[in-house]
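Topology and contacts: notes
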Amino acid sequence: MVFPMDINALTEAHFQQKPELFLELAREWAAGGPEPTAEQVDWLSRAPRPVIVRPAEARGALWGILASPQRAKALSWLDRAGILEEILPCWGGEYFRQALRLQATEEVHLEHWAEGLSEDAYDWLCVYQDQRIDGRMGGWAIAGLATLLLEGDEPADSFANRVKRDLKVIGALPREIERIETAIREYPELCAAILENHPPTRMFTPTTIVATLSTLHVLPEIGEEVRARSRHFGNQLLLRFAAPDTAGRTP
């Protein structure tokens, strides 16, 4: 069946034949398009489960959502519908953790975490994040996915292995997986350093820095003093990439 170009001209029968179209709705919404209609939401509620039988077929749409500024609301919709866990089983688990991770993913876009970063650090980060990995997924999209999957309901090392398996299943590239897996493994150390006010003595990846700072800006128990410290530490860590000759060894 050939579908009309306008996804909103499609009928329920089209969505029944190709359930991945629900992800296309989410992608258009994330990119600034219209919110799914009440009728489309009703179609999704009646769709046979699992909606996404072959997660690899959903990767393109998921990558598109992650590359769009309004990614968090689209991801939240997919989460409420149970589709996010169908694509990435590692996402399943404790509700509060999921809610927090979605908030942190939105924070990547809002960039409160970037307030106070020096011009050198922020400009370097933007150039780095604007590059596509192997011509496909951009750095900001990777940072969004890493932030979404930064924590699970188990220790970081075992959770990182679960995430790695799921990303392989959907067809993520090795370098895409590496950035996300590294952020998951590095996050506990960087987060602890910030909370305990122990300036990091080693490098952390830019993806880890963005994901950690975004998380600390939504944790309800974190006060502004710690958030300011996270921005200060993050700035110094980024300067080790942006201006290695001038960045001090400790933030």
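Look up a bit, the structure's there.
Residues numbered from 1 in each chain as written. Predicted model: local features only at pLDDT ≥ 70, side-chain atom pairs only at ≥ 80, totals over all residues. Heavy atoms only, no water.

Below, the discussion takes up the state of the cysteines. Taken as a whole, this structure holds zero disulfides when the rule is applied. Of the cysteine sulfurs around Cys 90, a residue in no disulfide, the closest is that of Cys 191, at 20 Å. Owing to a relative accessible area of 8%, Cys 191 belongs among the buried residues under this scheme. (Disulfide = S-S within 2.5 Å. Buried < 20%, exposed > 50% of the residue type's maximum accessible area, 1.4 Å probe, protein only.)

This part covers the pattern of salt bridges. The full count for this structure, using the stated rule, is 16 salt bridges. Measuring nitrogen to oxygen at the nearest pair gives 2.2 Å for the salt bridge that ties Arg 46 to Asp 42. Note that Arg 46 and Asp 42 are positioned in helix H3 (residues 38–46) at a spacing of four residues, about one turn of the helix. Classification of Arg 46 by relative accessible area gives partly exposed; the value is 45%. Assessed through its relative accessible area of 35%, Asp 42 is described here as partly exposed. Arg 162 is the salt-bridge partner of Glu 154, the closest N and O atoms lying 2.9 Å from each other. According to the relative accessible area criterion, Glu 154 is partly exposed, its value standing at 27%. Looking at Arg 162, the relative accessible area reads 26%, which means it is partly exposed. A cluster of three or more residues bridged by salt bridges with shared partners is formed by Asp 157, Lys 164, Glu 181 and Arg 185. (Salt bridge = Lys/Arg side-chain N within 4 Å of Asp/Glu carboxyl O. Helix = DSSP H or I, 4+ residues; strand = E, 2+ residues; numbered from the N terminus.)

Take the environment of Lys 168 next. Secondary-structure assignment places Lys 168 in helix H10 (residues 156–170). Put simply, Lys 168 and Ala 56 are 112 residues apart on the chain and 8.9 Å apart in space, counted from C-alpha to C-alpha.

Time to look at the layout of surface pockets. Taken as a whole, the largest pocket encloses approximately 200 Å³ of empty space. Around the largest pocket sit 15 residues that line it, and Phe 15, Gln 16, Pro 19, Pro 48 and Val 51 are the ones nearest its centre. Elements with a contribution of two residues or more to the lining of the largest pocket: helix H1 (12–17) and H3. No other element matches H1, which puts three residues into the lining of the largest pocket. Across the lining of the largest pocket, the residue classes break down as ten nonpolar, one polar and four charged. (1 Å grid on protein atoms, 1.4 Å probe; cavity = no way out; pocket = protein on both sides within 12 Å on 5 of 7 lines; lining within 4 Å. Points joined across faces, edges and corners; volume = space filled by probe spheres on them. Nonpolar A, V, L, I, M, F, W, Y, C, P; charged D, E, K, R; others polar.)

Moving on to unusual backbone geometry. Pro 50 follows Arg 49 through a cis peptide bond whose omega is -5 degrees. Counting through the fold element by element, Pro 50 comes out in the loop between H3 and helix H4 (59–66). Residue Asp 134 is not a glycine yet carries a positive backbone phi of 50 degrees. Tracing the sequence through the fold places Asp 134 in the loop between strand S1 (132–133) and strand S2 (137–138). A positive phi angle, close to 60 degrees, is found at Asn 197, a residue other than glycine. Following the sequence through the fold, Asn 197 ends up in the loop between helix H11 (174–195) and helix H12 (206–216).

Now for empty space enclosed by the protein. With the rule as written, the count across this model stands at one cavity of 30 Å³ or more. Put simply, the largest cavity is a space of about 40 Å³. Looking at the largest cavity, the residues that line it are Ile 7, Asn 8, Leu 25, Glu 28, Pro 34, Glu 35, Pro 36 and Gln 40. Counted by class, the lining of the largest cavity contains four nonpolar, two polar and two charged residues.

What follows concerns the packing of aromatic side chains. By the definition in use, this model includes six aromatic pairs. With a centroid separation of 5.1 Å and an interplanar angle of 15 degrees, the aromatic rings of Trp 124 and Tyr 128 are classed as stacked. Taken as a pair, Trp 124 and Tyr 128 lie in helix H8 (residues 119–130) at a separation of four residues, close to a single helical turn. Between Trp 124 and Phe 241 the ring centres are 5.0 Å apart and the planes differ by 15 degrees, which places this aromatic pair in the stacked class. Of this pair, Trp 124 sits in helix H8 while Phe 241 sits in helix H13 (residues 224–242), and the two are 117 residues apart along the sequence. Under the relative-accessibility criterion, Trp 124 is labelled partly exposed at 23%. (Phe/Tyr/Trp six-rings, centres within 6.5 Å; stacked < 30°, edge-to-face > 60°.)

Counting 82 residues, the largest nonpolar core has Phe 22, Trp 63, Ile 83, Ile 87, Leu 88, Leu 145 and Leu 167 as its most contacted members. Of the residues forming this core, the biggest block, eight residues, is contributed by H11. Setting aside anything within four residues of it in sequence, one finds Leu 167 in contact with Trp 63, Leu 88, Leu 145, Ala 172, Ile 177 and Ile 180. (Core = buried A, V, L, I, M, F, W, Y, C linked by side-chain atoms within 4.5 Å. Contact = heavy atoms within 4.5 Å.)

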